[in-house]
Amino acid sequence: MPELPEVEVVRRGLARWVAHRTVAETEVLHPRAVRRHVAGGEDFAHRLKGHHIGEPSRRGKYLWLPLEETNQSVLAHLGMSGQLLVQPQETPDEKHLRIRIRFADSLGTELRFVDQRTFGGLSLHDNTPDGLPDVIAHIARDPLDALFDDDAFHQALRRKRSTVKRALLDQSLISGVGNIYADEALWRARIHYERPTAHFTRPVTAELLGHIRDVMNAALAVGGTSFDSLYVNVNGESGYFDRSLDAYGREGEPCRRCGTPMRRRPWMNRSSYFCPKCQRAPRVAS
Ligand SMILES: [Zn+2]
């Protein structure tokens, strides 16, 4: 499942290779990939035709392409296995190619949505006054957004009466933090994932936010080195940050800080990885 850094790498690639081009033709090869566009594939293709793609935007894990001259955007749902590829037109179709967008210029490349499991797709939505596709209006700003309000987040965290990892994954509170980067940031901050947030102090929240930003920026820095090619990639196999992970996926391996074997616990149908010594469980389990 792509998280914020992976999606941001894709956004940058799209900004470089797709922004400001005019859509000539859209081909929907599998109806499931446009199922969120209620009026169907033909309508989707018709509405894109002739429009300029604006500056690709992102909030949390959500990525969209504004259609200039309209008040609408194409929202990309990457799901588990969705990829947006910019390919030379002569490249043979991928086995799981679902949507192809051709442009009215002589650059010779096209945008392809490829999705093996077809959980993802593209859909067209009206924008809110903020320029957000209306279906994601409830998604909070992400921690790399210049307008993210640290103090408001702190207040909301305390009001929430939740536990910290649950709060970090609550997209109405803070967006873009998924299971992997939550575990990484909590390990760096030495905070157990079940710690209640009601009594968080400002310094604790500030330190945690700092670690979240650091770990995301580190992942971005690594991902950013490989996107110079024409291949704009997002999928579960990208894994370019795997070698840098300190917590996620390291069950039984020594904590890089204290050497204690890392643990994994089932958590909300997923797993939480933590160091039992550095990240003490709260005394009263919630
Ligand atoms: Zn440790």
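Taking an unreviewed UniProt entry as the reference, the protein chain is identified by name as Formamidopyrimidine-DNA glycosylase belonging to Streptomyces griseofuscus. Checking UniProt for the protein chain, the heading Subunit (unreviewed entry) contains the comment "Monomer." Here the protein chain is described in UniProt, under the heading Sequence similarities (unreviewed entry), as follows: "Belongs to the FPG family."

A.B. asks: Just give me the short version of the UniProt feature "domain: FPG-type" (unreviewed entry) in the protein chain, but keep the residues and values in it.
C.D. replies: The sites that UniProt annotates as "domain: FPG-type" (unreviewed entry) are residues 246–280. From the first C-alpha to the last, residues 246–280 spans 17 Å; its make-up is 0% helix and 29% strand.

A.B. asks: Mind laying out the domain arrangement of the protein chain, listing which residues take part and the relevant values?
C.D. replies: The figure often quoted for interface size is the accessible area lost as the parts come together. When cut into domains, the protein chain gives domain 1 (4–136) and domain 2 (150–274). Computed over C-alpha atoms, the centres of domain 1 and domain 2 are 28 Å apart.

A.B. asks: Now, about the UniProt feature "active site" (unreviewed entry) in the protein chain: what can you tell me, with residues and values included?
C.D. replies: As annotated by UniProt and renumbered to match this structure, "active site" (unreviewed entry) occupies P2, E3, K61 and R270. If you trace the backbone, K61 turns up in the loop between β2 (57–59) and β3 (62–67). The residues contacting K61, other than those within four sequence positions of it, are P2, E3, L4, V7, Q171, G176 and G178. Along the chain, the position of R270 falls in strand β10 (residues 270–274).

A.B. asks: So what's going on with the environment of G252? Residues and values would help.
C.D. replies: Of note, G252 is situated in the loop between α6 (202–223) and β9 (263–267). For G252, a relative accessible area of 52% gives the class exposed. Spatially, the C-alpha atom of G252 lies 20 Å from that of N269, the residues being 17 residues apart in sequence. Not counting the four nearest positions on each side in its chain, G252 is found in contact with P261 and M262.

A.B. asks: With reference to specific residues and values, describe helix α3 (residues 150–160).
C.D. replies: Listed as buried for α3 are F153, H154, A156 and L157. End-on, the buried residues of α3 take up no more than an arc of 165°, which puts them together on one face. Immediately beyond the C-terminal end of α3, within one or two residues, lies R161, with a positive phi of roughly 50°.

A.B. asks: I'd like to hear about the nonpolar core, residue by residue, with values.
C.D. replies: Counting residues in hydrophobic clusters, the biggest one holds 28 residues, and the most contacted among them are F153, L168, L208 and I212. Residue assignment for this core shows that the elements contributing at least two residues are α3, α4 (164–168), α5 (179–189) and α6. Per-element accounting of this core gives the leading share, six residues, to α6. Setting aside chain neighbours within four positions, we find L208 in contact with V164, L168, A185, L186, A189, I191 and F200. Counting 25 residues, the second-largest nonpolar core is a separate cluster that includes V7, V34, L67 and L84.

A.B. asks: So what about the sheet that holds strand β4 (residues 72–77)? Which residues, and what values?
C.D. replies: Taken in spatial order, the four strands line up as β2-β3-β4-β8 in an open sheet, and their pairing is antiparallel. Among the strands making up the open sheet, the edge pair consists of β2 and β8 (121–126). Neighbouring strand axes in the sheet, compared pairwise and without regard to direction, differ in orientation by 30° on average. Looking at chain direction, β2 and β3 are connected through three bridges and run antiparallel. Bridge assignment links R59 to a residue of β3, and that residue is Y62.

A.B. asks: Describe the sheet that holds strand β7 (residues 109–115), and please don't skip the residues or the numbers.
C.D. replies: The antiparallel open sheet is built from four strands, whose spatial order is β1-β6-β7-β5. Each of the sheet's edge strands pairs with one partner strand only, and the pair in question is β1 (23–28) and β5 (82–88). Across the sheet, the mean angle separating the axes of adjacent strands is 20° when strand polarity is ignored. Strands β1 and β6 (97–103) of the sheet are contacted by helix α2 (residues 41–48), whose axis makes an angle of about 170° with β1.

A.B. asks: Lay out the packing of aromatic side chains in plain terms, naming residues and giving numbers.
C.D. replies: Taken as a whole, this structure holds three aromatic pairs when the rule is applied. With a centroid separation of 5.1 Å and 65° between ring planes, the pair formed by Y248 and Y273 is classed as edge-to-face. Taken together, the residues span a long stretch of sequence, with Y248 in the loop between α6 and β9 and Y273 in strand β10 at a distance of 25 residues. On the accessibility criterion, Y248 (28% relative accessible area) is partly exposed. The cationic tip of R257 hangs over the ring face of W187; the distance from NZ or CZ to the ring centre is 4.0 Å.

A.B. asks: I'd love a proper account of the coordination of the zinc ion, names of residues and values included.
C.D. replies: Metal coordination angles have textbook ideals: 109.5 degrees for a tetrahedral set of four donors and 90 or 180 degrees for an octahedral set of six. At 2.2 to 2.4 Å from the zinc ion lie its protein donor atoms, namely C255 (SG), C258 (SG), C275 (SG) and C278 (SG). In this structure, the zinc ion is coordinated by four donor atoms arranged in tetrahedral fashion, with angles at the metal of 101 to 115°. When the donors of the zinc ion are listed by position in the chain, the intervening gaps give C-x2-C-x16-C-x2-C. Placement of C255 in the loop between α6 and β9 and of C275 in the segment after β10 is noted, with a sequence separation of 20 residues between them. Neither C255 nor C275 differs from the other in exposure class; each is buried.

Rules used in this analysis
Sequence order sets the numbering: in each chain, residues are counted from 1 along the sequence as written. pLDDT decides what is reported in this predicted model: residues at 70 or higher carry local features, side-chain atom pairs at 80 or more are listed and counted, and totals for whole chains, interfaces and linings draw on all residues regardless. With hydrogens and water excluded, all non-hydrogen atoms of the structure serve as input to the side-chain values. UniProt positions are given in the numbering used here, feature names are shortened, and annotations may be inferred rather than shown by experiment. Secondary structure is summarised from DSSP: a helix means a run of H or I of at least four residues, a strand means a run of E of at least two, and numbering begins at the N terminus for each. Bear in mind that the domain bounds are from an automatic or database domain assignment. Only heavy atoms matter for contacts: two residues are in contact if any of them lie within 4.5 Å across the pair. Burial classes: relative accessible area under 20% of the type maximum marks a residue as buried, over 50% as exposed, and values in between as partly exposed (1.4 Å probe, protein chains only). An arc is given here, and it is the one of the directions from the helix axis to the C-beta atoms. In this text, buried Ala, Val, Leu, Ile, Met, Phe, Trp, Tyr and Cys residues form a nonpolar core when linked through side-chain atoms within 4.5 Å. Pairing between strands is defined by DSSP: at least two bridges between them are needed. Simply put, an axis is a line fit to the C-alpha atoms, just over the touching stretch for a helix, and the angle between two N-to-C directions goes from 0 to 180 degrees. Pairing of aromatic rings covers Phe, Tyr and the six-membered ring of Trp, with a centre-to-centre limit of 6.5 Å; geometry is then stacked below 30 degrees between planes, edge-to-face above 60, and tilted otherwise. Only when the NZ of Lys or the CZ of Arg is both within 6 Å of the ring centre and within 35 degrees of the ring normal is a charge said to sit over the ring. For Na, K and Ca the donor cut-off is 3.2 Å, while for other metals it is 2.8 Å, and in both cases only N, O and S atoms qualify; water is not among them, so sites may look incomplete. Geometry is assigned from donor-metal-donor angles: four donors are tetrahedral when every angle falls between 85 and 135 degrees, four are square planar and six octahedral when opposite donors sit over 155 degrees apart with all other angles between 65 and 115, and any other arrangement is irregular.

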